[in-house]
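Chain and residue survey
One-letter residues, chain by chain:
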Amino acid sequence: MSDLLIVPLKKPSEVDVVKPLKNLIQSSYGSSDKVPNYGEAVNEFSKLRNSAIWKFFEKYESSLDIVYNYYDQLSGLEAKVPVQELQIPFKWKDAFSKGSLFGGRASLTLSSLAYEKVCVLFNIAGLESAVAAAQSLDSDEGLRLATRLFQHSAGIFTHLKAAVPAAIPQEPTPDLYPEVLTILSNLMVAQAQEIFVVKAIRDKMKEQVIAKLCCQCEEFYAECLRGLQKESVKNLWEKEWVTTVAGKQAGFHAMTQLYSSLACRASKKVGEEIARLQHAVELFKAAQSRSGKSTMFQEYADRAQRNLVESKKDNDFIYNEIIPDVKTLEGPGKAQLAKVTALAAPMGQNYKDLFVDLVPVALHQALSACEARKTEMVNAEIQKLREGTQMLNSVLASLNLPAAIENTAGGSGLPPSLQDKAKAVRDNGGISQITGMFKELPEALTRNKEILDECDRLLNDERDSDNALKNQFKERWTRTPSDKLTEVFRTNIAKYRDIINKAVQADGVVRGKFDTHVNGIEILSKSPAELERSVPSSGSAGVSDSPSVQKLRSLMESVETIKAERDAIEAELKSATVNMKEQFLSALAKDGAINEPAMSVSEIGKTLAPLQGQVQESLKRQEGILAEVQSAHTVFTSESGGASNSRDALLIQLAAAYDTFMELQGNLREGTKFYNELTELLVAFQNKISDFCFARKTEKEELMKDLTQQSSRSVAPTPVLPAHHATTPAAPTSAVDGSMPYPTGGMANMPMPYGASPAAPYPTYMAPPMPQSYNPYAPLPYPQTPYYQGFPQGPPPSHYATYPGSLAHQQQQQPGSGYPRQPGW
């Protein structure tokens, strides 16, 4: 026996995985503090790939640990990042080098981690077949390892039949055709069953048990032979494959008859024994003829011949039994020990995740959505506080409070509150600081527009190039059109442009408020002496200690208390945290999914409920205070005569200018932060598009290379041989015992599978379309400044709150009965 077949390997190409992987992790986990630490892990992953893809060709058992580890790292990474976004142009050549000559593609380049996993798995199965075939069949350890690897290899090929269509949304290379994977899986199972036969013979099991094992092995090889001879794939294989499988099919049928004859000898069924031995001798000759190997099964063929001579002699002189027709004899039955072993996770025994701290994609998305939901609710409360404070300031400014009650004694001195406000304006840079911040906004805006324009240019150039080649090669240009792959990219570009347009509108609103109060801000920015000269003196007598003045002063203290309390409440709202990680992980482990809205809302509500109550209480108190202020101010104006002069009008104007200055400072700081964060996001977005375009360029070059090579290799049809030269008999049309496709002219005349007729082209295998929910390029998050979250829910706390930045917008083997189990097997 032996002559075990080895699956050839796909040929890999080296590729840079570092830059695209770093870009992907940065864009997906940009807010994580641990992202910078993954540079070393990414470099280690790259080294592991470079080592693994060449270890496939070192056909030793020690190579398996390295390639297992690489596959495990791929599987681990797949669960933690959106793998379809990883724009790395992986190129793998067809394992059967003749594929490109007969209608299939010689290689395929795809920018998909799922495609990389498929190719790595194929080569793992091939390497396992090589290591299994290299084992010594003279030791139990070698036999155990060989059967384990053959069965696991069969499991991989079976798994790939389902994995390939999902990973390759176009015609794959011939080695990944479903019919080819089926054949390879059947071959591995057949060879595993063959090892079990060897083990049973070495252990001197009962002849009837061995016959059952051989019968099952013959059936496996028969199924494999039928697959190898299919018209659509028969030109893939080396000639040795078909001849070896054909020989083994006949050989194990012969082995079945041989060991059945031994069982007949033990039970003194001499006539049946001779019939089976005669058939076995014939089958052994057929096996050697079909395989082209005169020594195949020679040991057992000699034994069958010796037994046949002895049995005939005994029958002639002693028993004189009638020799029955072998076709009328019952088969021994079948015992299947070789099974397809399903893939285990992880494959390696010493797997250590390089990206252990990266949470699964589903968990990361749920945490991001929960954080966005919390931020929106926090912003809504902060919004209420700020709107209340703005209304409070506007009412007090219209009443010239507290300046009016600070200047009731007459004279030219400035009210202390106005002096404090002027000092605050000067300390914050005054008018020059505001104008400088206004000048920075257009520069940041232009920078962001230029990045988006470059993104558009890259996508347009890639699309135009793809369309030009599609027009040139027509239906031969089989890769996915650019427009289908870039739809989400272009949607995101449109979203970003819409965000920028809204930002420009908000800039205009902020500029309008500045223009309205620029004179007042200029006055407040002056030195104390200049400010005093700018404000007219008061000529009225004061009522400094009247009850109305005392009442207003008390109310002004209450107003300052409310403002201080609101600053504290806002700080607590911003620092509120909700840790849902453990709950989300439990839900993911239990149900395989996370119902984020249902889980987040109640938990966030519990956290924010006390602060929300404080917000409501503060706003309610404000209503009462304002009512008292207006009532007391009415009394105050009646006592002071209610005269309004130019000094009072200017003081009112300066109070409003101060409030506007402080508001503008917050607006412009938020606007500057917004544009800077948007720049970071757009740079990451541009990097993703650059990676995509580079990957598509590599795919394009490889496909063009394949097309031009196929054109240069085109061969004229093979001329038909003259009738008098045709010596090969027709294809088999009948079978012995209903399983072996022997020709009617006898087993020795079995035709070799490679005839003179030209091969038919491979069938076009198209994978099913990707599901509608498939999203290859998930949108990037928008800037994280709190006031950009939650748009468009509720009125914004400032003009920059109109930017829709919420992350929430983006969401949503057991032995056979006929074979006694041996210890250790």
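Residues numbered from 1 in each chain as written. Predicted model: local features only at pLDDT ≥ 70, side-chain atom pairs only at ≥ 80, totals over all residues. Heavy atoms only, no water.

**Details of the packing of helix α1 (residues 18–28) against helix α2 (residues 38–55)**
- The interhelical angle for the contact between α1 and α2, taken along N-to-C directions, is 140°, at an axis separation of 10 Å. Handedness of the α1/α2 crossing: right-handed. Only Gly39, Val42, Asn43, Phe45 and Ser46 of α2 make contact with α1, whose side of the interface consists of Val18, Leu21, Lys22 and Ile25.
- Here the residues of the contact of α1 with α2 are counted per class, giving five nonpolar, three polar and one charged. (Axes fitted to C-alpha atoms, helices over the stretch in contact; angles between N-to-C directions. Helix = DSSP H or I, 4+ residues; strand = E, 2+ residues; numbered from the N terminus. Left-handed = near helix turned anticlockwise from the far one by under 90°. Contact = heavy atoms within 4.5 Å. Nonpolar A, V, L, I, M, F, W, Y, C, P; charged D, E, K, R; others polar.)

**Concerning helix α10 (residues 298–319)**
- For α10, built from 22 residues, the straight-helix expectation of 32 Å at 1.5 Å per residue is met to within 8% by its first-to-last C-alpha distance of 29 Å.
- For α10, the full list of buried residues reads Tyr300, Ala301, Ala304, Asn307, Leu308, Ser311 and Asn315. Axial view of α10: buried residues confined to an arc of 125°, hence all on one face. The exposed residues of α10 that point more than 90 degrees off its buried face are Glu299, Lys313, Asp316 and Phe317.
- Those residues of α10 that are buried are in contact with α6 (178–202), α8 (239–266) and α9 (270–291).
- Trailing α10 by a residue or two, asparagine 320 shows a phi angle of about 55°, which is positive. (Expected span 1.5 Å × (residues − 1). Buried < 20%, exposed > 50% of the residue type's maximum accessible area, 1.4 Å probe, protein only. Arc of directions from axis to C-beta.)

**Examining a nonpolar patch on the surface**
- There is a patch of nonpolar side chains on the surface, built from Phe317, Ile318 and Tyr319 and spanning about 370 Å² of accessible area.
- Within the fold, isoleucine 318 resides in helix α10.
- Looking at isoleucine 318, the relative accessible area reads 54%, which means it is exposed. (Patch = residues over 30% accessible without salt bridge, like charges linked within 9 Å, V, L, I, M, F, W, Y side chains within 5 Å. Areas by Shrake-Rupley, 256 points an atom, 1.4 Å probe, with all protein chains shown as cover. Salt bridge = Lys/Arg side-chain N within 4 Å of Asp/Glu carboxyl O.)

**Some points on the confidence of the model for the protein**
- Looking at the protein as a whole, the pLDDT averages 80, with 81% of positions reaching at least 70.
- Across residues 31–35, where pLDDT falls below 50, the model places four contacts with residues more than four positions away in sequence or in other chains.
- A low-confidence stretch, residues 715–825 (pLDDT under 50), is modelled with 271 contacts involving residues beyond four sequence positions or located in other chains. (pLDDT = per-residue confidence, 0-100.)

**Some thoughts on the pattern of salt bridges**
- Applying the stated criterion across every chain yields a total of 43 salt bridges.
- Between aspartate 498 and lysine 502 there is a salt bridge, and its shortest N-O distance comes to 2.7 Å. On the criterion of helical spacing, the pair formed by aspartate 498 and lysine 502 is a turn pair, its members being four residues apart in helix α16 (residues 487–524).
- Under the relative-accessibility criterion, aspartate 498 is labelled partly exposed at 34%.

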